[in-house]
Amino acid sequence: MSSSNNENEITTTRFTERLRDGAEPFWTQATTHRFTRQLADGSLPDEVFIRYLIQDYHYVDCLAQAVGFAVALAPDIATRRPLAGFLSVLTNAENDFFLKSFERLGVPEATWRNTPPSPVTQAISDAIVGGASGYAGSGQYPEAMTVLLCSEWVYQAWAEPVANAKPPQPQYREWIELHATAEFVGFVEWLREETDRACEGLDAERRAGLVALFRKVTELEAAFFEDAFTK
């Protein structure tokens, strides 16, 4: 291939593809993890799912904070609207899923309220909130969009291929369905488009930092799934 063709390939590749490709091998580990495979076929032990749910409830709370930072940093009302809509989903439908699942699985409120974040949960929560807020309260929109994209794209990437799975556990089916709906897939694509736009024109050093941030969060996403198997 000629050098001019190489240059054309570089300029036409979406930046979000560079983010995903730069996150290997963690991207594949996160999106094909045994947790998601066992969730889809119904073989995931209840105790593993319970540990996951308790920790993910901590994580979702931090994710909601990160979305709030992104709403504040967004350039206009049109951009804030999808982010605000997603924040509403997190604090309503998704929150309801957790509470209903805890009840179904017999998890006492004192347990899910008082179990502290694991070290892995704390690390990914710090990365998500820190990436969105700038670690020092001086958040930047491209960083906020990068961490949100990673968090949601990983889930869409593992859930969409198993969207038709019918595990016998209703809470397993519902968790898959939440992340495989047309609305969620469309929101992830919007995140990709908005991240591409927000990162357009950034210098090479800034882009490299975003690639590293996306890779770090992806690595923690894979570790988060694995952490659920740790007693």
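As a reminder, the structure under discussion sits directly above these lines.
Quick notes on the rules
- Residues numbered from 1 in each chain as written.
- Predicted model: local features only at pLDDT ≥ 70, side-chain atom pairs only at ≥ 80, totals over all residues.
- Heavy atoms only, no water.
- Salt bridge = Lys/Arg side-chain N within 4 Å of Asp/Glu carboxyl O.
- Helix = DSSP H or I, 4+ residues; strand = E, 2+ residues; numbered from the N terminus.
- Buried < 20%, exposed > 50% of the residue type's maximum accessible area, 1.4 Å probe, protein only.
- Core = buried A, V, L, I, M, F, W, Y, C linked by side-chain atoms within 4.5 Å.
- Contact = heavy atoms within 4.5 Å.
- Disulfide = S-S within 2.5 Å.
- Expected span 1.5 Å × (residues − 1).

**A closer look at the pattern of salt bridges**
- Evaluated as defined, the whole model comprises 9 salt bridges.
- Ionic pairing is found between arginine 104 and glutamate 174, a salt bridge with its closest N-O pair at 3.0 Å. Of this pair, arginine 104 sits in helix α6 (residues 77–104) while glutamate 174 sits in helix α10 (residues 170–178), and the two are 70 residues apart along the sequence.
- On the basis of relative accessibility, which here comes to 40%, the residue arginine 104 falls in the partly exposed class.
- Put simply, arginine 113 and glutamate 109 hold a salt bridge, and the shortest N to O gap is 2.5 Å. Here arginine 113 pairs with glutamate 109, and both are found in helix α7 (residues 109–114), just 4 residues apart, close to one helical turn.

**Observations regarding the nonpolar core**
- In this structure, Phe35, Phe49, Tyr52, Leu83, Trp158 and Trp175 are the most contacted members of the largest nonpolar core, which totals 72 residues.
- Looking at this core element by element, the count peaks at 14 residues for helix α5 (residues 46–73).
- Discounting chain neighbours no more than four positions away, the residues touching tryptophan 158 are Thr31, Thr36, Leu39, Trp175, Ile176 and Phe225.

**Some thoughts on the state of the cysteines**
- Per the counting criterion, the structure on display carries 0 disulfides.
- Unpaired in this structure, cysteine 62 has its nearest cysteine sulfur neighbour in cysteine 150, at a distance of 15 Å.
- Residue cysteine 62 is classed as buried on the basis of its relative accessible area of 17%.
- Of the cysteine sulfurs around cysteine 150, a residue in no disulfide, the closest is that of cysteine 199, at 13 Å.

**Points about helix α11 (residues 182–199)**
- Look at α11: 26 Å from first C-alpha to last across 18 residues, which is about the 26 Å you get at 1.5 Å a residue.
- Every buried residue of α11 is accounted for by Phe184, Phe187, Val188, Trp190, Leu191, Arg192, Glu194, Thr195, Asp196, Ala198 and Cys199.
- In this fold, the buried residues of α11 make contact with α2 (15–21), α6, α9 (141–159), α10 and α12 (204–227).
- Looking one or two places after α11, you find glycine 201, whose phi comes out positive at around 85°.

**Some remarks on the environment of tryptophan 175**
- With respect to the helices and strands, the residue tryptophan 175 is situated in helix α10.
- Tryptophan 175 has contacts with Leu39, Phe49, Tyr52, Asp56, Glu94, Phe97, Phe98, Tyr155 and Trp158, leaving out every residue within four places of it along the chain.

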